[in-house]
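# Report on the structure
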Amino acid sequence: MESLKFTSLIPCKASVNLIPTTKFVNHEVIGQVGFVPLWKRRSTRPALRLRAQVSGGSGGAQDGASALEDQREEKGVLLGAETDSSGSVIGFNLIPPNGELKVPDSPPEDATSDRLDETEDIDGKEKSKAKVTRNIVFVTAEAAPYSKTGGLGDVCGSLPTVLAARGHRVMVVSPRYQNGTAAADQKFSGALDLDTRIKIYCFGGDQEVGFFHEYREGVDWVFVDHPSFHRPGNPYGDSFGAFGDNQFRFTLLCHAACEAPLVLPLGGYTYGEKCLFMVNDWHAGLVPLLLAAKYRPYGVYKDARSVVVIHNLAHQGVEPAVTFKNLGIPPEWYGALEWVFPTWARTHALDTGEAVNILKGAIVTSDRILTVSEGYSWEITTVEGGYGLNELLSSRKSILTGITNGVDVVEWDPSSDVHIASHYSADDLSGKVQCKLALQKELGLPIRPDCPLIGFIGRLDYQKGIDLIQSGMPQLMEDDVQFVMLGSGDPLCEDWMRAAEATYKDKFRGWVGFNVPVSHRITAGCDILLMPSRFEPCGLNQLYAMRYGTVPVVHSTGGLRDTVLNFNPYAQGGQGDGTGWTFSPLTKESMLAALRLACRTFTEYKPSWEGLMKRGMERDFTWESAAVKYEQVFEWAFIDPPYIS
């Protein structure tokens with residue numbers, strides 16, 4: 001396909017093209033795009049349906065079919081004719097060659113109207129559908145299983161598929177990372193090159209990007225292709241630290257994501273202008289600003305809305321003020337991104353502290369603001385948790401909402417998990433003990449079913465409270481417990497894990513790195529999961545733990561406080577209540593006290609422990625429940641007019 005050129009700040013809207021009439025002998029077949037919601041059930045390669053108006057009866061239609069087949073080399077790939085009950089041909093399924101046919105820029109109103117669909121999932125069970133269906137575009141730096149470093153990848157890999165199942169048309173726009181390893185690059189093998197190139201003006205010139213596409217689980221997974229995404233390391237950096245051109249890389253992502261709904265004919269037609277952009281963290285933060293500054297002044301995206309989702313406020317995309325000119329945004333919009341560091345944070349006496357803050361620009365220009373838990377939506381409005389944006393967020397508190405993340409209940413299900421030694425459920429917990437014994441054997445620990453086994457899974461960094469674990473380990477190892485850690489990060493912490501394993505040979509095991517099957521086996525085999533995070537916007541490991549009957553002990557912060565109910569043994573007539581323990585303040589003594597209380601309950605109060613396990617396993621943390629709350633925010637976003645300067 002000929003490259004699409006966009007060399008100015010004035011956006012180009014995809015045009016509507018008339019489909020030419022194809023003449024046959026004594027017959028005329030009028031081609032038109034089949035305006036059915038093809039995005040609901042289709043292959044990864046979009047097909048066009050040719051409807052026939054045939055004069056001369058069914059015989060003539062058969063001749064028309066023959067003529068189409070004769071021309072299939074020139075006109076595309078003919079998949080077969082569609083006939084009615086009498087045998088007459090009423091349509092043809094045709095895949096045109098690349099560049100052969102352009103499609104309308106948006107579906108007709110009856111294909112995207114607000115409606116309630118009554119469809120069934122592939123397993124035959126009827127799924128609840130959204131009352132209002134929308135065109136939703138997720139913009140994210142990572143999306144599992146294609147790319148993942150943490151919770152952001154989990155959310156953007158799971159929530160889109162649930163929203164698609166509820167009737168929405170969903171696109172996820174993310175970079176096409178290629179780091180040179182077969183295992184990582186293989187994840188993108190199902191994505192096909194759309195042969196669509198666009199020019200993006202930023203960083204002093206035209207930058208050309210391409211698009212790859214895979215249709216999977218009802219979602220259009222669109223990957224922006226550019227050489228800057230092809231390098232060893234993770235999405236953000238390598239062993240030497242963060243990439244120095246991350247602002248450039250994610251600026252490309254934002255511009256490409258704004259063009260994708262206009263230029264990519266996925267499933268027969270583009271998403272069009274009436275989209276809802278889900279902007280995830282600072283990497284996608286330029287999208288709301290581009291909608292307001294680059295598109296709406298020219299009448300494009302006037303009916304679109306944007307929702308910024310804050311997964312971690314600690315990362316804001318702050319760069320020197322001089323880089324603003326590289327972003328492809330009109331200069332009069334500098335104030336939306338302007339950021340000035342306080343005097344104490346400046347590097348020297350002549351440092352003015354002037355910078356641009358991409359996440360700040362997203363907060364200023366978005367239509368709604370979401371965080372990944374209710375508690376975190378409050379914490380970011382405080383001085384302690386706001387990282388300098390607390391006053392701005394407080395001023396926009398009326399549009400700020402917190403929704404707790406869900407979990408993938410198919411991947412994380414102890415009754416069917418392929419990675420664990422034995423399956424179990426809340427009705428039959430016998431397999432839980434077998435998982436513990438298998439884990440102890442795998443780790444080379446003494447096989448002791450009655451010894452409390454504590455686990456930690458996560459990054460080895462300051463946020464996760466690794467320093468508390470380090471300082472408390474000598475005292476904890478004096479107790480009759482076992483401890484296993486899985487994670488990577490700070491090299492000093494990794495070295496400490498190796499040293500601790502050598503010191504406490506029969507009690508401690510450390511697995512440096514991250515391994516999905518091992519994380520499942522630790523979650524299933526441990527009795528207790530420890531999460532002493534300093535801050536945790538939501539947290540997923542505590543949700544996985546409760547689903548597997550593993551009792552969490554967590555610092556009372558953010559999503560951890562929202563999701564873990566502190567155990568009260570005297571509630572409900574002495575039957576107990578709660579799903580784990582929360583501790584505060586964040587000190588070694590407070591953490592050890594909570595852990596020892598949990599261990600004592602495990603060894604001395606088995607009925608109470610079983611109640612803890614079952615209550616955790618019965619909690620509803622599914623994405624289906626969260627999706628209903630997201631849809632309410634979507635509705636609110638469209639009530640008010642979009643952001644205009």
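Residues numbered from 1 in each chain as written. Predicted model: local features only at pLDDT ≥ 70, side-chain atom pairs only at ≥ 80, totals over all residues. Heavy atoms only, no water.

Looking at an unreviewed UniProt entry, one finds the chain named starch synthase, with Prunus dulcis as its source organism. Here is the UniProt Sequence similarities (unreviewed entry) comment for the chain, exactly as written: "Belongs to the glycosyltransferase 1 family. Bacterial/plant glycogen synthase subfamily." (UniProt positions renumbered as here; feature names shortened; annotations may be inferred.)

### A closer look at the nonpolar core
By size, the foremost hydrophobic cluster in this structure holds 103 residues, and its most contacted members are Phe138, Val173, Phe277, Met278, Leu286 and Ile329. Ranked by residue count, the leading element in this core is helix 6 (residues 246-263), at 11 residues. Once residues lying within four places of it in the same chain are set aside, the contact partners of Ile329 are Leu286, Leu289, Leu290, Ala293, Phe324 and Leu337. (Core = buried A, V, L, I, M, F, W, Y, C linked by side-chain atoms within 4.5 Å. Buried < 20%, exposed > 50% of the residue type's maximum accessible area, 1.4 Å probe, protein only. Helix = DSSP H or I, 4+ residues; strand = E, 2+ residues; numbered from the N terminus. Contact = heavy atoms within 4.5 Å.)

### Describing the side chain of Asp367
Residue placement: Asp367 occurs in the loop between helix 9 (358-365) and strand 18 (368-371). Although Asp367 is buried, it makes no salt bridge; Arg296 carries the closest opposite charge, 4.3 Å away. At 2.8 Å, the side chain of Asp367 forms a polar contact with the backbone nitrogen of Ser306. Looking at Asp367, its side chain comes within polar contact range of the main-chain nitrogen of Tyr643, at 3.1 Å. Residues within four places of Asp367 in sequence aside, it is in contact with Arg296, Ala304, Arg305, Ser306, Ile399, Ala637, Pro641, Pro642 and Tyr643. (Lys, Arg positive; Asp, Glu negative; His and termini not counted. Salt bridge = Lys/Arg side-chain N within 4 Å of Asp/Glu carboxyl O. Polar contact = N/O pair within 3.5 Å; in protein donor to acceptor, adjacent residues only side chain to side chain.)

### Topic: the sheet that holds strand 21 (residues 482-487)
Pairing within the open sheet is parallel, and its 6 strands lie in the order 22-21-20-23-24-25. What marks the edges here is a single partner per strand, and that holds for strand 22 (508-512) and strand 25 (581-583). Sheet twist, expressed as the mean angle between neighbouring strand axes with direction ignored, is 20°. Bridging between strand 20 (residues 453-457) and strand 23 (residues 528-531) involves 2 bridges; their strand directions are parallel. Across the sheet, Ile454 pairs through a bridge with Ile528, a residue of strand 23. Relative to the sheet, helix 14 (residues 491-503) contacts strand 21 and strand 22, its axis offset from that of strand 22 by approximately 150°. Along the sheet face, helix 19 (residues 588-604) touches strand 20, strand 23, strand 24 (551-555) and strand 25 and points at about 165° away from the line of strand 25. (Pairing = 2+ DSSP bridges. Axes fitted to C-alpha atoms, helices over the stretch in contact; angles between N-to-C directions.)

### Some remarks on the pairing of strand 21
Taken across its 6 residues, strand 21 has 6 buried, putting it largely inside the fold. A two-sided burial pattern is seen for strand 21, the buried positions comprising Gln482, Val484 and Leu486 on one face and Phe483, Met485 and Gly487 on the other. Pairing of strand 20 with strand 21 involves 5 bridges; the strand directions are parallel. Residue Phe456 lies in a different strand from strand 21, and its bridge partner there is Met485. Crossover connection from strand 20 via helix 13 (residues 466-476) to parallel strand 21: handedness right-handed. Relative to strand 22, strand 21 is paired through 5 bridges, and the arrangement is parallel. (Right-handed = clockwise from strand over helix to strand, strands pointing away.)

### Here's the deal with helix 12 (residues 430-443)
Helix length check: helix 12, at 14 residues, gives a terminal C-alpha distance of 21 Å against a target of 20 Å (1.5 Å per residue), a fit within 8%. Among all positions in helix 12, only Gly431, Lys432, Cys435, Lys436, Leu439, Gln440 and Leu443 are buried. Where the residues of helix 12 are buried, they touch strand 20, strand 21, strand 22, helix 15 (516-525), helix 19 and helix 20 (606-618). One or two steps after helix 12, the chain reaches Gly444, where phi turns positive at roughly 75°. (Expected span 1.5 Å × (residues − 1).)

### Some details on the sheet that holds strand 16 (residues 338-340)
Within the open sheet, the 3 strands sit side by side as 15-17-16. Their pairing is antiparallel. Across the chains shown, the open sheet's two edge strands, defined by having one partner strand only, are strand 15 (318-320) and strand 16. Pairs of neighbouring strands in the sheet enclose a mean axial angle of 45°, with direction left out of account. Here strand 15 pairs with strand 17 (residues 354-357) via 3 bridges, running antiparallel. Paired with Glu319 across the strands is Val356, a residue of strand 17. Its contacts with the sheet place helix 9 against strand 16 and strand 17, and it is angled at close to 60° to strand 17.

### Describing the packing of aromatic side chains
Under the counting rule described, the total for this entry stands at 22 aromatic pairs. Arranged with centres 6.1 Å apart and planes meeting at 45°, the rings of Tyr236 and Phe250 form a pair that is tilted. Taken together, the residues span a long stretch of sequence, with Tyr236 in the loop between strand 10 (219-225) and strand 11 (237-238) and Phe250 in helix 6 at a distance of 14 residues. Taking the relative accessible area as the measure of exposure, Tyr236 reaches 19% and is therefore buried. A ring pair is formed by Trp412 and Tyr544, whose centres lie 3.9 Å apart and whose planes are at 10°; its orientation type is stacked. In this pair, Trp412 is assigned in the loop between strand 19 (400-402) and helix 12 and Tyr544 in helix 16 (residues 541-547), connecting sequence segments 132 residues apart. Taking the relative accessible area as the measure of exposure, Trp412 reaches 6% and is therefore buried. (Phe/Tyr/Trp six-rings, centres within 6.5 Å; stacked < 30°, edge-to-face > 60°.)

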